[in-house]
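# Coordinate analysis (summary)
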Amino acid sequence: MARKRKLEKDIRCPLEYGLDVFGGKWKSRIVCVLSDGPLRYSAVRCEMANVTDAALAGALKELAEQGLVQRIQYEEIPPRVEYRLTEKGRSLLPVLQHICQWSGSFFKEESSLELARCQRCDYRP
């Protein structure tokens, strides 16, 4: 059963739609993790530090509902489930790479902290 929102979303411009689709703490990171190919839930979980199982499962479900991630369940015993990016999800990768590059250049101007090199985009500190 799908959960129902108390209030309908009030999206009035493309940017608001985009931030709704890939915004938040975990969604963009999941898309980046899946950029190398399909992964099982446990592999995605290992790549994502500090995420709870509930948050990860919820984010994966939302990404699947939005058409960015495909959930593939194999009829085997024990059951096996893989997650992979759809074409729509793959089309988001260049956008996330640009955001990563932009964020990295301004983060170092505003903070004394050092960002780690992102393994999945072209950002280099």
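Report on the accompanying structure. Each chain has its residues counted from 1, running along the sequence as written. Only residues with pLDDT of 70 or above have their local features reported here, since the model is predicted, and side-chain atom pairs are shown and tallied only from 80 upward, although totals for entire chains, interfaces and linings are computed over all residues. Hydrogens and waters are ignored; side-chain quantities use all the structure's heavy atoms.

Strands in a sheet are paired, the pairing made by backbone hydrogen bonds, and the direction either parallel or antiparallel. Reading across from one edge, E1-E3-E2 is the order of the 3 strands in this open sheet, with antiparallel pairing throughout. Since the sheet does not close on itself, it has two edges, and those belong to strand E1 (39-40) and strand E2 (69-74), each with one partner. At least two DSSP bridges between two strands are needed for those strands to be called paired. By the criteria applied, helices consist of DSSP H or I runs no shorter than four residues and strands consist of E runs no shorter than two, each listed in order from the N terminus. With 6 bridges joining them, E2 and strand E3 (residues 80-85) adopt antiparallel strand pairing. Within the sheet, the bridge partner assigned to Gln70 lies in E3 and is Arg84.

Pairing between E1 and E3: 2 bridges, direction antiparallel. Its bridge partner being in E3, Leu39 is matched across the sheet by Tyr83. Where E2 folds back onto E3 in an antiparallel hairpin, the turn is made up of 5 residues.

Attention shifts here to the pattern of salt bridges. Basic side-chain nitrogens of Lys or Arg form a salt bridge, by our definition, when they fall within 4 Å of a carboxyl oxygen of Asp or Glu. Scanning the entire structure with this criterion turns up 5 salt bridges. Here Glu62 and Lys27 are joined by a salt bridge, their closest N and O atoms 2.9 Å apart. On the criterion of sequence distance, the pair formed by Glu62 in helix H4 (residues 53-65) and Lys27 in helix H2 (residues 27-33) is long-range, its members being 35 residues apart. Here Lys27 falls in the buried class, since its relative accessible area comes to 8%. The shortest N-O distance in the salt bridge between Arg80 and Glu76 comes to 3.0 Å. Categorising residues by exposure relies on relative accessible area from a 1.4 Å probe, with only protein chains included: less than 20% of the type maximum marks a residue as buried, more than 50% marks it as exposed, and the intermediate range marks it as partly exposed. For Glu76, a relative accessible area of 38% translates into the label partly exposed.

The subject of this paragraph is helix H1 (residues 14-22). Looking at H1, one finds that the buried residues are Gly18, Val21 and Phe22. Down the axis of H1, the sector holding all buried residues measures 70°, keeping them to one side. Looking one or two places after H1, you find Gly24, whose phi comes out positive at around 95°. Arc, as used here, means the arc of the directions from the helix axis to the C-beta atoms.

Below, the discussion takes up the nonpolar core. The term nonpolar core refers to a set of buried residues drawn from Ala, Val, Leu, Ile, Met, Phe, Trp, Tyr and Cys, joined through side-chain atoms within 4.5 Å. Of all hydrophobic cores here, the largest spans 22 residues; its most connected members are Ile30, Val31, Leu34, Met48 and Val69. For this core, the secondary structure elements donating two or more residues are H1, H2, H4, E3 and helix H6 (93-110). Examining the composition of this core, we find that 4 residues originate from one element, H4, more than from any other. The contact rule is simple, with two residues in contact once any of their heavy atoms fall within 4.5 Å. Apart from the residues lying within four places of it in its own chain, the contact partners of Ile30 are Met48, Leu56, Ala59, Leu60 and Leu63.

Here the focus is unusual backbone geometry. In this chain, Ile77 is followed by Pro78 through a cis amide linkage whose omega measures -5°. Checked against the element boundaries, Pro78 lands in the loop between E2 and E3.

A few words on H4. With 13 residues, H4 should cover 18 Å at 1.5 Å per step; its first-to-last C-alpha distance of 18 Å lies within 8% of that length. Taken together, the buried positions of H4 are Leu56, Ala59, Leu60 and Leu63. All buried residues of H4 lie within an arc of 100° about the axis, which places them on one face of the element. Relative to its buried face, H4 has exposed residues pointing more than 90 degrees away, namely Ala54 and Glu65. On its buried face, H4 sits against H1, H2, helix H3 (41-47), E2 and E3. After H4 finishes, the residue Gly67 shows a positive phi value of roughly 85°. To estimate the expected span of a helix, count its residues, drop one, and scale the result by 1.5 Å.

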